[in-house]
Amino acid sequence: MKLAVLLSGTGRTLDNFHDAISAGRMRGEIQVVVSNVEGVLGLEKARKYGYPAHHAPDNEAINRVLSGYDIDLVLLAGFLKLYRPPENLARRVLNIHPSLIPAFCGTGFYGMRVHRAVWDKGVKVSGCTVHFANDIYDDGPIVVQKCVDISGCSGPDEIADLVFAAECEAYPEAVNLVAEKGVDYFWNRAGGAG
Ligand code: GAR
């Protein structure tokens, strides 16, 4: 699997990919990292790891960068805009969201906003979801979900830490599943049984 990573911030998920690939826990090779935000830590980390790293401010610019690489799968890694891929990658974009979709997701729900809403509601179980992205926020077919018991948490920061630890397992697992089963498997069974 030839991977492109899109991010907007600190690149914690990029760290996880790098570690997981190096340890043989995640199938694939990162070909390129793109940030829509200039000067973020995620881009610095990408360069430190030795990946080609680009700033591209909007969708069109991102797709221009990606057209220079051979990519099988695009991984959104804390990318906080709606991404519209080129036609050849339309069903090949994965996203991670820090809640159990369909709860606490959609427009305006990202990062700590999710965990604060979860805390305010008093829910006892949260988690993360890796899913294929479509043209609606947090809407495409789900590949992996992991639950976290947050009944003992004392605030949103603690929830965020527990959920991020679950993300670090869920995303590599999801990439491996897609590598094993193929993209169509997930799109075809969405909404169906089995
Ligand atoms: C992750 O927690 C991810 O779940 C979240 O961004 C964080 C990584 O960003 N993504 C979303 O909320 C997308 N809706 P970071 O690397 O900048 O910390």
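What comes next is a walk through the structure.

Here is what the cut-offs are and how they apply
- Residues numbered from 1 in each chain as written.
- Predicted model: local features only at pLDDT ≥ 70, side-chain atom pairs only at ≥ 80, totals over all residues.
- Heavy atoms only, no water.
- Buried < 20%, exposed > 50% of the residue type's maximum accessible area, 1.4 Å probe, protein only.
- Helix = DSSP H or I, 4+ residues; strand = E, 2+ residues; numbered from the N terminus.
- Contact = heavy atoms within 4.5 Å.
- Phe/Tyr/Trp six-rings, centres within 6.5 Å; stacked < 30°, edge-to-face > 60°.
- Lys NZ or Arg CZ within 6 Å of the ring centre and 35° of its normal.

### Focus: helix H1 (residues 12-22)
Residues of H1 that are buried include every one of Thr13, Leu14, Asp15, Asn16, Phe17, His18 and Ala20, and no others. Contact partners of the buried residues in H1: strand E1 (2-7), strand E2 (29-35), helix H2 (41-49), strand E4 (73-76) and helix H5 (156-181). Two residues or fewer after H1 comes Gly24, characterised by a positive phi angle close to 75°.

### Details of the packing of aromatic side chains
Tallied over the full model, the rule gives seven aromatic pairs. A centroid spacing of 4.8 Å and a plane angle of 70° characterise the contact between Phe17 and Tyr171, whose relative ring orientation is edge-to-face. Highlighted residues: Phe17 in helix H1 and Tyr171 in helix H5, separated in sequence by 154 residues. Classification of Phe17 as buried rests on a relative accessible area of 0%. With a centroid separation of 5.9 Å and an interplanar angle of 40°, the aromatic rings of Phe132 and Phe186 are classed as tilted. Taken together, the positions of Phe132 in strand E6 (residues 125-132) and Phe186 in helix H6 (residues 183-189) put the pair 54 residues apart, joining distant regions of the chain. Of the two residues, Phe132 and Phe186, both sit in the buried class. Taken together, the ring pairs in this structure connect Phe132, Tyr185, Phe186 and Trp187 into an aromatic cluster. Over the face of the ring belonging to Tyr185 we find Lys181, whose NZ or CZ atom lies 4.7 Å from the ring centre.

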